[in-house]
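Summary of structural features
Read off the chains here:
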Amino acid sequence: MTTLADIAKKLNVATSTVSRAISAPDKVSKEMRDKVMAAIEETGYKVNLQARQLRSGRSSMIATVISDLSDPLMARTASKIQEYALQKGYFPIVLSSGESSVKEAEIISKLKAYSISGLIVVPSGNTTENLRLLDKSVPVIELDRSTYTFTHDEFRMDDRAAMQMAAQYLVEQGHKDIIVLLGDSTVISSFRERLNALSFCPDKAHYRPKELDDVTALGLRRGAFEYMDELLSAGKPKSTAILACNSAIALGALMALNKHHVTVGTDMALFSLDDADWISAVPNPITSLQHPLPQVGVEAIRRLVHRIEHTYEGDPEVRLLVPRLTA
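Residues numbered from 1 in each chain as written. Predicted model: local features only at pLDDT ≥ 70, side-chain atom pairs only at ≥ 80, totals over all residues. Heavy atoms only, no water.

The helix and strand tally for the chain stands at twelve helices and twelve strands. Judged by the C-alpha coordinates and their principal axes, the chain covers about 80 × 40 × 35 Å. Counting every position in the chain, which comprises 327 residues, the buried fraction comes to 51%. For the chain, the accessible area works out to roughly 15700 Å², and carbon and sulfur atoms hold 50% of it. Side chains of the chain carry 38 positive and 40 negative charges; the gap between the two charge centres is 4 Å. (Helix = DSSP H or I, 4+ residues; strand = E, 2+ residues; numbered from the N terminus. Buried < 20%, exposed > 50% of the residue type's maximum accessible area, 1.4 Å probe, protein only. Areas by Shrake-Rupley, 256 points an atom, 1.4 Å probe, with all protein chains shown as cover. Lys, Arg positive; Asp, Glu negative; His and termini not counted. Charge placed at Lys NZ, Arg CZ, Asp CG, Glu CD.)

Enumeration according to the criterion identifies 20 salt bridges in this entry. Its salt-bridge partner being E99, residue R145 comes within 2.7 Å of it at the nearest N-O pair. Of the two residues, R145 sits in the loop between β4 (140-143) and β5 (153-157) while E99 sits in the loop between β2 (91-96) and α6 (101-113), which places them 46 residues apart along the sequence. Both residues of the pair, R145 and E99, count as buried. R222 is paired through a salt bridge with D214; the nearest N and O atoms lie 4.0 Å apart. For D214, a relative accessible area of 22% gives the class partly exposed. Here the residues in one salt-bridge network are D153, E299, R303, R307, E317 and R319, joined through shared partners. (Salt bridge = Lys/Arg side-chain N within 4 Å of Asp/Glu carboxyl O.)

The interhelical angle for the contact between helix α5 (residues 72-87) and helix α12 (residues 293-308), taken along N-to-C directions, is 35°, at an axis separation of 8 Å. α12 is crossed by α5, and the crossing has right-handed handedness. Note on element contacts: α12 touches α5 through L293, P294, G297, V298, I301, R302 and V305, opposite L73, M74, R76, T77, K80, I81, Y84 and A85. The residue inventory of the contact of α5 with α12, partitioned by class, reads ten nonpolar, two polar and three charged. (Axes fitted to C-alpha atoms, helices over the stretch in contact; angles between N-to-C directions. Left-handed = near helix turned anticlockwise from the far one by under 90°. Contact = heavy atoms within 4.5 Å. Nonpolar A, V, L, I, M, F, W, Y, C, P; charged D, E, K, R; others polar.)

Across the sheet, six strands lie side by side as β2-β1-β3-β4-β5-β11; this open sheet has parallel pairing. Each edge of the open sheet carries a strand with a single partner, namely β2 and β11 (318-321). Neighbouring strand axes in the sheet, compared pairwise and without regard to direction, differ in orientation by 15° on average. Bridge count for strand β3 (residues 118-121) against β4 is three bridges, and the pairing is parallel. Bridging across to β4, V121 finds its partner in E142. In the packing of α6 onto the sheet, contacts are made with β1 (61-66), β2 and β3, and the angle to β2 comes to roughly 160°. (Pairing = 2+ DSSP bridges.)

See the structure below:
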C-alpha cells in the first residue's frame with residue numbers, strides 16, 4: 001500500500017512536505033501541491049482518516065441534514081450519499097430538519113460538538129444564520145436548494161429548465177390554461193426558482209400559480225387536495241392541466257380529482273416535477289420529470305470528500321443538473 005513516504009520519494013521531497021500539501025495546502029506552493037495531488041492520483045494513495053483525526057481533532061463523521069425523511073426522493077438521495085461516504089471510509093449520519101429552521105439550528109449546534117468533518121445540508125429558510133453555529137473550517141455543501149450566499153458549493157436541479165420542460169410538454173399537448181401548484185416560495189428557494197421560471201415558459205399558455213401555505217410533504221399534499229377540492233366543487237375550471245411542483249402536491253391534486261370523478265389524462269392533465277414511485281403504480285397517465293436529485297447527491301458527497309481531503313481547493317461552484325422527461 002502506498003504511503004506518504006513513497007510519494008515523497010517519488011517527488012524527491014520530504015515526507016513533511018507531502019503531508020503539508022494534503023493537510024495544510026496553504027503552507028506549500030501551488031506548484032508543489034499540484035505535484036503531490038498528481039502523485040496521489042497516480043499511485044492511488046488513500047488518506048489515513050484515523051491519523052488525520054488525531055492531528056486535526058476532527059472525527060470521520062459526515063452529516064447530511066435533509067428537509068424531510070418522509071420524502072421518498074430525499075430518502076433515496078440520502079442513501080446514495082451514505083453509500084459513497086462509507087466507501088471512502090467516513091461515518092455518515094442522516095438527520096431531518098422537518099422543514100424547521102429551529103430544528104435545523106439545534107441539529108447544527110449538536111453536530112459542532114461531534115467535530116464533524118463535513119456537512120451536506122438541504123437549506124431551510126434560515127440556514128445562513130444557522131451555519132454560523134458551525135466552525136468555519138468545516139466544509140459545507142448546499143443540496144437541492146440555495147441560500148444565495150454562494151459561499152459554499154451548491155448541487156441542485158435546474159429549476160428553470162424543469163419548469164420550461166414541463167410547460168413546453170403541456171403546451172404541445174394543446175393545453176392553454178394551466179394551474180401551477182407550488183409550496184411557499186418565501187421559505188423554500190426551489191419553489192421561488194420555479195415560480196420565477198414561469199416568466200420563461202412558453203407564452204402560448206396562461207399560467208395560474210397557486211402557492212400553498214406549507215412546505216412539508218404532508219402539508220403540501222393536504223393543501224393541494226383542499227385547493228383542488230374547492231376549485232372543483234365550485235364547478236368545472238377553465239384550466240385543463242395541473243403542473244404540480246413536486247410529487248406530494250401531485251398526489252394531493254390527484255386525490256381531489258378522484259373525489260370529483262375527474263379522469264386524469266382525459267378531463268384534466270396532471271404533470272409532476274418529480275417521479276415518485278407511486279406515479280407508475282396508478283392507472284392514470286401522469287407525466288413527470290425524472291428528478292436528478294439522487295445523482296445530485298452523489299456529486300455533492302464527492303465534492304465534500306474532496307473538500308475535506310484538500311484534493312479540491314477551487315472557488316465555490318453552483319452545479320445545476322437538468323431533469324429528463326418521462327412518460
